[in-house]
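Next come the chains, spelled out residue by residue.
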Amino acid sequence: MSAEAKLAKLGIRSRFDLVLHLPLRYEDETALTPLREAPAGKPVLVEAAVKRVEVAYRPRRQLVVHAECDGEPLALRFFNFYGSQLKQFERAAEQGQRVRAFGEVRPGWFGAEMAHPRYRVVREGEPLSEALTPIYPTTSGLGQQALRKQVLEALAEAEIEDTLPEAMLARYGLARFGDSVRLLHLPPPGTDLAALAHRTHPAWQRMKFDELLAQQLSLRLAYRARRGRAAPALASNGPLLRRFLGKLPFRLTPAQARVMAEVLHDLAEPHPMQRLLQGDVGSGKTIIAAIACLAAADAGRQAAVMAPTELLGEQHFRKFSEWLAPLGVSVAWLHGGLSVKQKRAAQEAIAAGEVAIAVGTHALFQRGVAFARLGLAVVDEQHRFGVQQRLSLRRKGEARAGAAPLVPHQLMMSATPIPRTLSMSYYADLDVSVIDQLPPGRRPVATRLVADARRGEVLARIREACAECQQAYWVCPVIEESKEGELKTALDTYETLTRELPQLRVGLVHGRLAAADKAAAMEAFAAGRVQLLVATTVIEVGVDVPNASLMVIEHAERFGLAQLHQLRGRVGRGARESVCILLYAAPLSEGARERLKIVFEISDGFEIARRDLLLRGPGEVLGERQSGVPLLRFADLERDQALVSAAREAAEGLLASDPERARAHVARWLSGRQDYAKV
Ligand code: ADP
Ligand code: MG
C-alpha cells in the first residue's frame, strides 16, 4: 500500500489533515525512572549502558541486548528485528553508548527485562524530551515514529491561522487554534495530564468546538443552498384540500393542527420545503402527509410517498385511497408483486401525470420512475433509511432539479424521536415539526415483564382477550445470523401456537413472504379474520390495526430499545386498554436487563431515545455502521452538550457576520467529508 493510501485510511488527505490528526494518548519520556523504582505494569523510560548483544534461539529466535543500569543488569528482548538493529547495538556496545528504552520492566531469569521496548541509542547526558510523546491512531504498516515525524513537519510548515474572529474566542472562552494544536501534539512539561486524558483541557475543548462548528456550518450552508432553489408554490386554499378538511375522518389534535399549519405554510413558498416531522408512534403523522399531498394535487402537481417496507407502503396505499379516492384523487401503489406489465403501466401513468399520488418503497422509486410534475416527496420513517440512502434521496431531488428548474418539496417523517442534542447536531439542515401529543382516548400501554417459564399464563391471556373480540400480535425474535433462521423461528412459532390455541384463527407474516401474500395476511388481520398474528419485525414500523390490544414479544431481551418501543406502539391504538408482554429468557445479560428495565419504566419515546443514545452512542443510533464513516471524531454529543449549543449559536453568528471565514472553517475540517455532513 502506498504511503498516501495508508494515510487516506486514517482519513488524512491533505497536509492540514495531519495537523488535525490528534493523539489518542501520551507517553511520558520526559524523565528517567531508576530501574529499581519501575512500577509493575506501567511503561516507563529507563537508560542503560549497552554491554553485549546476542542472537538467541530459544525459546525462539530473538535479539537480546544486555545492558547495565545503575549497576544492575537489564535485558532488552526483540523477537522481530532487522540486521541493522543488531549492528546498531553492536556498535553501541563497542563505543560504550547508552540506550533509552520505553516500556514495561519485568523481572526475568537474570534480572530485569523489557520485551520489545521502544528505544533510542544515545550518548551519555543527551537531553530528555521536553514534551510528552504523542501516540497517534495509526494503521498497519505505518509506524508511530514515521507518522509522528510527518505530523510534526506539517505542524511546523502548515499555515495555522485561526478561522475564528477574536470576538468569538472571547465570547465562548476559547483557546487559540494554533496554541491548541501545538499543545496537543507536543504538550510541554507540566501540562495537566488528566485534563488531556479526559479531553477537558482547553485545547481539546477548542478542537471539539471547531469540529462541531464545522458540522453546524456545513449543514446550514447545505440548507441555504437548497433553500435558494425554486420549488412550485403549493397554495393551501385549493378545492380538494378544503373539501378534505371540511370532512376529516377525525378531529385533529392541537399538535397535528399546529404541524399542519407549519407544513402548509412551507409548501406555499416558492422554495423547497425541507421539513422533518417528528412524532411518537401513533401520534398521527399519516394524515399530515395526506394533507400535504392534497396541496400538491390542488396545484396540479404529483406527490410521491416513500415507505421503508412494502407492508407499510401497502397500508399507506389503503389509507390514502380510503381518504382521497372519494375526492377523485388517483392513488397508485408500486410494489414488488406487480407483474412487469402492470409495473410498466403504472410507471407510464406516473410519467404521463395521470397519477396524482404514488406510494411505494424507496427501491421501487429508484428504478427509473420519472414523474411528469413532481411537487412533493414524502419519506415516511426516514430514520429507517441508511445514511447512504438518505444521501441519495437528497441527491435525487437535486439531480431532478437539474432537468427541471423546480425542486420538489420534501417532507420527512420519523417515529423514532431523536434526542434534542442529536437532532440539533444532525438535522441542523432541516426544519423540524413535532407532534407532541397523542390522539384523544388513548390509554397508555401497560407493559409486563414475564419470564418465559410462565408462557402458559401468557397463552391463557391471549385466549381470554380473543374471546372478547380483541386481537393480538406475537412477535418472534430477530435471529441475526441468517434470514433463514428468522424464517424458521417464525414458522416454528406459528405451528406451535396454532397447535396450542386451536380455538383461534392464527395468521403469519414475515419478510420472506411475497408482497401479495404479506398484504393478504395483513388484510386478514386488519379485517379481523385473523385473531392472532405471528410476525417478525416486519410489523415494526407503521402498521396500524386499532383493534389489536395485546402484544407478546418473545425473547424481548434480543431486541434493541428503539425496536421494542416501536413494536409496543403497534398496540394502544384503539380505545381499549392495551398490554405489551415482554417475554424473556433468563438469565439476562447486563445490557438486556438494562434495556428491558427502561422499556418497562418509560413510555415516552423521547426519553427512551435519549437513553438509547446513552447506551449505544450516536453512531449506532443514526446508523453510522451503514456508512462506515465516523460522524464526529472528537466531540461527544452527550458529554459535550454545552459545546453543541454554543457551536450552533456560533454558526448562525459566523454565517451572518463573516461567510468567508465560515467557508474556510468548513474546508479545514470537512475536506472530502461534506457529503456525510449533509445527510
Ligand atoms: P403514526 O404517527 O405512528 O404514523 P398514524 O398516522 O398511523 O400514526 O396514526 C395512528 C392512528 O391514529 C391511526 O389509526 C390514525 O387514523 C389515528 N389518528 C390519527 N390522528 C387522529 C386523531 N386526531 N384522532 C383520532 N385518531 C387519530
Ligand atoms: Mg406512521
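Residues numbered from 1 in each chain as written. Chains lettered and ligands numbered in written order. Predicted model: local features only at pLDDT ≥ 70, side-chain atom pairs only at ≥ 80, totals over all residues. Heavy atoms only, no water.

### A look at the overall build of the protein chain
Then step 1. The helix and strand tally for the protein chain stands at 27 helices and 22 strands.
Then step 2. With the C-alpha coordinates aligned to their principal axes, the bounding extent of the protein chain is approximately 100 × 65 × 45 Å.
Then step 3. Counting every position in the protein chain, which comprises 679 residues, the buried fraction comes to 53%.
Then step 4. Intrachain contacts of the protein chain at a sequence separation of at least 6 include 76% that bridge at least 24 residues. (Helix = DSSP H or I, 4+ residues; strand = E, 2+ residues; numbered from the N terminus. Buried < 20%, exposed > 50% of the residue type's maximum accessible area, 1.4 Å probe, protein only. Contact = heavy atoms within 4.5 Å.)

### Overview of the packing of helix α21 (residues 590-601) against helix α22 (residues 605-616)
Then step 1. One can describe the packing of α21 onto α22 by two numbers: an axis separation of 10 Å at closest approach and a directional angle of 165°. Judged by the angle between their axes, α21 and α22 are roughly antiparallel. In this structure, α21 meets α22 at a crossing whose hand is right-handed. For the pair α21 and α22, contact is made by E594, R595 and I598 and by I608, R611 and L615, respectively.
Then step 2. Grouping the constituent residues of the contact of α21 with α22 by class yields three nonpolar, no polar and three charged. (Axes fitted to C-alpha atoms, helices over the stretch in contact; angles between N-to-C directions. Parallel < 35°, antiparallel > 145°, perpendicular 65-115°, else oblique. Left-handed = near helix turned anticlockwise from the far one by under 90°. Nonpolar A, V, L, I, M, F, W, Y, C, P; charged D, E, K, R; others polar.)

### Notes on the confidence of the model for the protein chain
When pLDDT is low, close inspection of the predicted coordinates is not appropriate.
Then step 1. Mean pLDDT over the protein chain: 87, with 91% of residues reaching 70 or higher.
Then step 2. Contacts of residues 624-630 to residues separated by more than four positions or lying in other chains number twelve contacts, the stretch itself having pLDDT below 50.
Then step 3. With pLDDT under 50 throughout, residues 674-679 is counted as low confidence; its partners more than four residues away or in other chains account for 19 contacts. (pLDDT = per-residue confidence, 0-100.)

### Thoughts on unusual backbone geometry
Then step 1. Along the chain, R58 connects to P59 via a cis peptide bond; the corresponding omega equals -5°.
Then step 2. Residue placement: P59 occurs in the loop between β2 (44-56) and β3 (62-69).
Then step 3. In this structure, P587 follows A586 across a cis peptide bond, with omega equal to -5°.
Then step 4. Relative to the assigned elements, P587 resides in the loop between β22 (579-584) and α21.

### Looking at the side chain of R199
Then step 1. Along the polypeptide, R199 turns up in the loop between α7 (193-197) and α8 (202-227).
Then step 2. Buried and unpaired, R199 has E211 as its nearest opposite-charge partner, separated by 7.7 Å.
Then step 3. Among residues more than four places away in sequence, those in contact with R199 are P23, L24, W204, Q205, K208, R633 and F634. (Lys, Arg positive; Asp, Glu negative; His and termini not counted. Salt bridge = Lys/Arg side-chain N within 4 Å of Asp/Glu carboxyl O.)

### Re the pattern of salt bridges
Then step 1. All told, the structure shown has 33 salt bridges when counted by the stated rule.
Then step 2. With a closest N to O distance of 2.8 Å, D544 and K319 form a salt bridge. Placement of D544 in the loop between β20 (532-535) and β21 (548-553) and of K319 in helix α12 (residues 310-324) is noted, with a sequence separation of 225 residues between them.
Then step 3. The exposure class of D544 is partly exposed, given its relative accessible area of 21%.
Then step 4. Here R455 and E500 are joined by a salt bridge, their closest N and O atoms 2.9 Å apart. With a gap of 45 residues between them, R455 in helix α17 (residues 455-467) and E500 in helix α18 (residues 483-500) connect regions that are remote in the sequence.
Then step 5. With a relative accessible area of 27%, E500 lands in the partly exposed category.
Then step 6. One continuous salt-bridge network, built from bridges that share partners, spans R25, E27, E29 and R118.

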